[in-house]
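Chain by chain, the residues:
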Amino acid sequence: MSEASELQHQTWSKDQYTISTDPSLIPVKRLNEAFASDDMYWAIPSPDSVLRETLDGSLCFGLYQSQLQPQPPQPDSELIGFARLITDHSTFAWLTDVHIWRSHQGRGFREVADRLREGGHG
Ligand SMILES: CC(C)(COP(=O)(O)OP(=O)(O)OC[C@H]1O[C@@H](n2cnc3c(N)ncnc32)[C@H](O)[C@@H]1OP(=O)(O)O)[C@@H](O)C(=O)NCCC(=O)NCCS
């Protein structure tokens, strides 16, 4: 498995929350709705197939809330946070599209984004 695809299969869980780097778990419709919202004023919604390609080509971090067992997240788990690194997986990484859905803000998730920012440029 290449380093890029290994990185796309990472999972971390705490309490009822899970972070996964698997881009295939991210519901593109839900993400596109966030892209279209004022919260993500810099983002532009794309056709689902284009967004899927964007996600597959990025190192994505999906934050999921699971009411049952914390991991692994299932394709229908609720996506409550998102960030992605545009990266060559070795020398360069740019953090972008950081978003926590409104009803889940204010619970300290900014720290997760800060940690990602420390690892990349952005
Ligand atoms: C920024 C964001 C990811 C923080 O998530 P969160 O769950 O609310 O974060 P936390 O609970 O850990 O922290 C809240 C703190 O972040 C601050 N904050 C909220 N939005 C912020 C922003 N865009 N930039 C900097 N700080 C922000 C709040 O004022 C609060 O500060 P305080 O703790 O000093 O009161 C979330 O508010 C969000 O998704 N906002 C909309 C999208 C956005 O602005 N993304 C970042 C673009 S760089």
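Residues numbered from 1 in each chain as written. Predicted model: local features only at pLDDT ≥ 70, side-chain atom pairs only at ≥ 80, totals over all residues.

Going by the annotation in an unreviewed UniProt entry, the name recorded for the protein is N-acetyl transferase, with Hyphodiscus hymeniophilus given as the source organism.

Q: Before we go on, may I ask you to explain the overall build of the protein in this structure?
A: Counting its regular elements, the protein contains four helices and five strands. Reading the helices (α) and strands (β) of the protein from amino to carboxyl end gives α-β-β-α-α-β-β-β-α. Out of the 122 residues belonging to the protein, those deemed buried represent 26%. Expressed as a percentage of contacts within the protein between residues at least 6 apart in sequence, the contacts between residues at least 24 apart total 55%. (Helix = DSSP H or I, 4+ residues; strand = E, 2+ residues; numbered from the N terminus. Buried ≥ 20, exposed ≤ 12 C-beta atoms within 10 Å, placed from the backbone. Contact = placed C-beta atoms within 7 Å.)

Q: Sorry if this is basic, but what is going on with unusual backbone geometry here?
A: Trans is the prevailing form of peptide bonds, just as negative phi is the prevailing case for residues other than glycine. Positioned with a positive phi, Asp-15 is a non-glycine residue whose angle comes to about 50 degrees. For Asp-15, the position within the fold is in the loop between strand 1 (11-14) and strand 2 (17-20). Using a count of 8 C-beta atoms within 10 Å as the deciding quantity, one classes Asp-15 as exposed. Positive phi outside glycine occurs at His-89, with the angle close to 70 degrees. Here His-89 lies in the loop between strand 4 (78-87) and strand 5 (93-100). Judged by local crowding, His-89 falls into the partly exposed class, with 15 C-beta atoms found within 10 Å.

Q: Please clarify how the sheet that holds strand 2 should be interpreted in this entry.
A: Consider a sheet: its strands pair through backbone hydrogen bonds, and that pairing is either parallel or antiparallel. On the basis of which strands lie adjacent, the open sheet formed by five strands has the order 1-2-3-4-5 and antiparallel pairing. Of all strands in the sheet, those with a lone pairing partner are strand 1 and strand 5, marking the two edges. For this sheet, the mean angle separating the axes of adjacent strands, direction not counted, is 15 degrees. Strand direction decides the pairing type here: strand 3 (residues 59-65) and strand 4, joined by seven bridges, are antiparallel. Note on strand 4: the bridge partner recorded for Leu-59 is Leu-85. (Pairing = 2+ DSSP bridges. Axes fitted to C-alpha atoms, helices over the stretch in contact; angles between N-to-C directions.)

Q: Even after reading the chapter, I still don't get the pairing of strand 4, so can you show me in this structure?
A: When you tally the buried positions in strand 4, you get seven out of 10 residues, the bulk of the element. Across six bridges, the pairing between strand 4 and strand 5 is antiparallel. In the strand pairing of strand 5, Gly-81 is matched with Ile-100. What sits between strand 4 and strand 5 in their antiparallel hairpin is a turn of five residues, with His-89 showing a positive phi close to 70 degrees.

Q: Explain the nonpolar core here, please?
A: Buried together is how nonpolar side chains tend to be arranged in soluble globular proteins. Judged by nonpolar contacts, the single largest core of 20 residues is most densely connected at Ile-26 and Leu-63. Look past the residues within four positions of Ile-26 in its chain and what remains in contact with it is Leu-31, Leu-55, Cys-60, Gly-62 and Leu-79. (Core = buried A, V, L, I, M, F, W, Y, C linked by C-beta atoms within 7 Å.)

Q: It is not clear to me how the confidence of the model for the protein should be interpreted in this structure. Could you clarify?
A: Per-residue confidence for the protein gives a mean pLDDT of 88, with 89% of residues at or over 70. Across the protein, the secondary-structure element scoring lowest on mean pLDDT is helix 4 (residues 110-119), at 80, and the one scoring highest is helix 3 (residues 48-56), at 97. (pLDDT = per-residue confidence, 0-100.)

Q: Hey, could you run me through the site of the ligand in this one?
A: Neighbouring the ligand are 13 residues, the closest being His-99, Ile-100, Gln-105, Phe-109 and Arg-110. A breakdown of the residues in the shell around the ligand according to their chemical character gives five nonpolar, four polar and four charged. (Near = placed C-beta within 6 Å. Nonpolar A, V, L, I, M, F, W, Y, C, P; charged D, E, K, R; others polar.)

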